[in-house]
Amino acid sequence: MKDHEIKTKKLLIRPLSDDELEKRRYEQSDFQRQKAYADMLAGCESEVENRLWYTAWEVTLKESGEYIGDLFFKGKPENREAEIAYFLTDKFKDSIFAGDAVNELTDWGFANSDDLYFVSVLVDAQSDAFAKTLDDGYFSVVEETETTLKFEMVRSEMAWLPI
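The structure contained in this document is the topic of the report that follows. Quick caveat: nothing in here was measured; it's all calculated off a predicted structure. (Residues numbered from 1 in each chain as written. Predicted model: local features only at pLDDT ≥ 70, side-chain atom pairs only at ≥ 80, totals over all residues. Heavy atoms only, no water.)

### Section: the overall build of the protein
Counting secondary structure elements, the protein contains five helices and eight strands. Against the globule reference of 15 Å for 163 residues, the protein gives a C-alpha radius of gyration of 15 Å, in line with a compact fold. Counting every position in the protein, which comprises 163 residues, the buried fraction comes to 46%. Sequence separation of at least 24 residues holds for 57% of the intrachain contacts in the protein that already meet a minimum separation of 6. When the accessible surface of the protein is summed, it comes to about 9500 Å², and 48% of that surface belongs to carbon and sulfur atoms. If you average the places of the 20 positive and of the 35 negative side-chain charges in the protein, the two averages end up 4 Å apart. (Helix = DSSP H or I, 4+ residues; strand = E, 2+ residues; numbered from the N terminus. Rg over C-alpha atoms; globule rule 2.2 N^0.38 Å. Buried < 20%, exposed > 50% of the residue type's maximum accessible area, 1.4 Å probe, protein only. Contact = heavy atoms within 4.5 Å. Areas by Shrake-Rupley, 256 points an atom, 1.4 Å probe, with all protein chains shown as cover. Lys, Arg positive; Asp, Glu negative; His and termini not counted. Charge placed at Lys NZ, Arg CZ, Asp CG, Glu CD.)

Right under this line is the structure:
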């Protein structure tokens, strides 16, 4: 999986293996998270050639190796759309690192699918730094409730033009 790592100035983002997903699943105390990791593993096993769209991508600080959390697509693109979800540690749940990681994984998604034109992510409305990082990038708020903000990034218009 090392050949699929995403490295930035401050972050290392890498896809988890099936064994690592299984381990993450059993480390969770929350049933919803256990189920999410089980679903990711099932997707990886049933869509081997597309497993990177189903697995969790671990995010760590490059210098220290400190664990920030996991990001994941909710499967391969459908109807030109994909959604990114995340589990972040309490320390980093409202950090610029989380937003930077989402931006990087989104770039990976666009680079690895000619069929992907929209990427969305739901963010806790109270996560100011996370939301600001997305909003300062290429994501825009497309839906807002009292508890969540739905951000969406649209693929560059240049990618829509036929060659």
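### Observations regarding the pairing of strand S2 (residues 11-15)
Counting buried residues along S2, four of its five residues qualify, which places the element largely inside the surrounding structure. For strand S1 (residues 6-7) and S2, the ladder comprises two bridges, and the chain directions are antiparallel. From the neighbouring strand, Lys-7 faces S2, where its bridge partner is Leu-12. Hairpin connection from S1 to S2: three residues lie between these consecutive antiparallel strands. Here S2 runs beside strand S3 (residues 56-61); their pairing, made up of five bridges, is antiparallel. For Arg-14, the partnering residue across the bridge sits in S3 and is Glu-58. (Pairing = 2+ DSSP bridges.)

### Let's talk about the environment of Ala-56
Looking at the secondary structure, you find Ala-56 in strand S3. We classify Ala-56 as buried; its relative accessible area is 0%. Sequence spacing of Ala-56 and Tyr-86 is 30 residues, and the spatial spacing of their C-alpha atoms is 8.5 Å. Discounting chain neighbours no more than four positions away, the residues touching Ala-56 are Arg-14, Pro-15, Leu-16, Leu-21, Tyr-37, Met-40, Asp-70, Leu-71 and Phe-72.

### Focus: the sheet that holds strand S7 (residues 140-144)
Ordered in space as S1-S2-S3-S4-S5-S6-S8-S7, the eight strands form an open sheet in which the pairing is mixed. Since the sheet does not close on itself, it has two edges, and those belong to S1 and S7, each with one partner.

### A word on the pairing of strand S5 (residues 81-88)
Across the eight residues of S5, six count as buried, placing the element largely inside the fold. Relative to S5, strand S4 (residues 67-73) is paired through five bridges, and the arrangement is antiparallel. Each bridged residue has a counterpart across the sheet, and for Leu-71 the counterpart in S5 is Tyr-86. Pairing of S5 with strand S6 (residues 118-124), which is carried by four bridges, proceeds in the parallel orientation. Note that in S6 the partner of Ile-84 across the bridge is Val-121. Handedness of the β-α-β unit built from S5, helix H3 (residues 96-111) and S6 comes out right-handed. (Right-handed = clockwise from strand over helix to strand, strands pointing away.)

### Considerations on the packing of H3 against helix H4 (residues 128-136)
Running from N to C, H3 and H4 cross one another at 35°; their axes reach a closest spacing of 7 Å. Where H3 crosses over H4, the two elements pack in a sense that is right-handed. On H4, the residues touching Ile-96, Ala-98, Gly-99, Asp-100, Val-102 and Asn-103 of H3 are Ala-129, Phe-130, Thr-133 and Leu-134. Taken together, the residues of the contact of H3 with H4 break down into six nonpolar, three polar and one charged. (Axes fitted to C-alpha atoms, helices over the stretch in contact; angles between N-to-C directions. Left-handed = near helix turned anticlockwise from the far one by under 90°. Nonpolar A, V, L, I, M, F, W, Y, C, P; charged D, E, K, R; others polar.)

Limitation: the analysis is restricted to geometry and does not speak to function.
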